[in-house]
Amino acid sequence: GTEFGLHVSLNGGVSWDKFTAGVPAVPIRDLLVHPREHDLVLGTHGRGVIIVDDIRPLRARADGTVAAGAGPVMIDPPPAHLLEIAEGIGYRSTGHAMQQAETRPFGALLSFWHNDRERATVTVRTDGGDMVWQDEIDAVPGVNRFEWNLRPGDDADEDAFPGFIEVMPGRYEVTVEAGGASSSVDLDVRLDPRGTVTMAQLQARREAVAQIAS
C-alpha cells in the first residue's frame, strides 16, 4: 500500500505494478489478506475500507501455479453459497445518505488466466457430466473474472434443472475452452451456513416448483 494506491508484485518484489481494478489512487494505510476467504482488505485514508474479492488468481501466478503466457487456466474458486438475500437493515433506500459501495455478487465467483484476446466458452457440469450452464466470454490477457448465479442455462435439461430455481448443493465441474485448449476445476455449491434448511426440504421445494410450472 502506498500514498497513491495499491501496487502488486508477482515476483517477490523484483518489480511492481499498480493495481487499479476497483482500487482508486488513494492512500492505503493498512492491508491484510483474509486467511479463509482469500480477500484482500484495504484500509484507506478518506475512502473507507475496500475489499478486493478472492485474490487466488494473483497467488496462483505468483507461486508458479500459472506460468507466464499460459492460458486458459481455471483458478480454484471459493465455495458458492445458496444465500437468501434480503433488504439490508437501515434506511428504506440506500439513496437516503447511506454510503454503500458495490457488494460481492451472489453465486459463484469464477476466474481464469489467459494470454490472448478471444472468445472463451465456460461450461458448468454436474459430477455425472450433465450440462447445467454455459456462456461465452470475451477473454483478455491476464485475469478474467465472471459470476454464475447458480441457475441453469443454455443447454441444461429443463426437467432436471428448472432455469428459474438455483441448482442443488453439491460439486460441479467448471471448464473454460479457448484457442483449442481447455482447463477445468471443481466448484463446491453449499447451503447457507446460517440457515437450517435440509437437502430434503430443498428437493421438496424443487419438485413443488417444477410441478407448478408444468
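The coordinates are above.
Thresholds, definitions, all that
- Residues numbered from 1 in each chain as written.
- Predicted model: local features only at pLDDT ≥ 70, side-chain atom pairs only at ≥ 80, totals over all residues.
- Heavy atoms only, no water.
- Helix = DSSP H or I, 4+ residues; strand = E, 2+ residues; numbered from the N terminus.
- Polar contact = N/O pair within 3.5 Å; in protein donor to acceptor, adjacent residues only side chain to side chain.
- Contact = heavy atoms within 4.5 Å.
- Buried < 20%, exposed > 50% of the residue type's maximum accessible area, 1.4 Å probe, protein only.
- Pairing = 2+ DSSP bridges.
- Axes fitted to C-alpha atoms, helices over the stretch in contact; angles between N-to-C directions.

Chemist: How would you sum up the side chain of Thr123? Please name residues and give values.
Modeler: Along the chain, the position of Thr123 falls in strand β9 (residues 118-126). Within the structure, the side chain of Thr123 is placed 2.8 Å from the side chain of Gln134, a separation counted as a polar contact. Those residues within four positions of Thr123 in sequence are excluded, and the remaining contacts are Met131, Trp133, Gln134, Glu173, Val174, Thr175 and Glu177.

Chemist: Give a detailed account of unusual backbone geometry, specifying residues and quantitative values.
Modeler: Phi is positive for His38, which is not a glycine, with a value near 60°. Mapped onto the fold, His38 is located in the loop between β3 (28-33) and β4 (40-44). Despite not being glycine, Asp54 shows a phi value in the positive range, around 50°. As for its placement among the helices and strands, Asp54 is situated in the loop between β5 (49-52) and α1 (56-62).

Chemist: Break down the side chain of Ser9 for me, with residues and values.
Modeler: One can find Ser9 in the loop between β1 (6-8) and β2 (17-19). Of note is the side chain of Ser9, whose polar atom sits 2.8 Å from the backbone nitrogen of Gly13. Separated by 2.9 Å, the side chain of Ser9 and the backbone oxygen of Ser15 make a polar contact. Sequence-distant contacts of Ser9, defined by excluding residues within four places in its chain, comprise Val14, Ser15 and Trp16.

Chemist: Before we move on, can you summarise the environment of Asp138 with the specific residues and values?
Modeler: Locating Asp138 in the fold gives a position in strand β10 (residues 131-139). Taking relative accessible area as the criterion, Asp138 reaches 52% and is therefore assigned exposed. Separated by 18 residues in sequence, Asp138 and Ala120 place their C-alpha atoms 6.3 Å apart. Every residue in contact with Asp138, bar those within four places of it in the chain, is listed here: Glu118, Arg119 and Asn144.

Chemist: Can you break down the environment of Val14 residue by residue, with the values?
Modeler: Its location among the elements puts Val14 in the loop between β1 and β2. Considered as a pair, Val14 and Leu191 are 177 residues apart in the sequence and their alpha carbons are 42 Å apart.

Chemist: Now, about the sheet that holds strand β12 (residues 170-178): what can you tell me, with residues and values included?
Modeler: Ordered in space as β7-β13-β12-β9-β10, the five strands form an open sheet in which the pairing is mixed. In this open sheet, the two edge strands, each paired with only one partner strand, are β7 (80-82) and β10. Neighbour-to-neighbour, the strand axes of this sheet turn through a mean angle of 25°, independent of strand direction. Across three bridges, the pairing between β7 and strand β13 (residues 181-191) is parallel. Note that in β13 the partner of Ala80 across the bridge is Val189.

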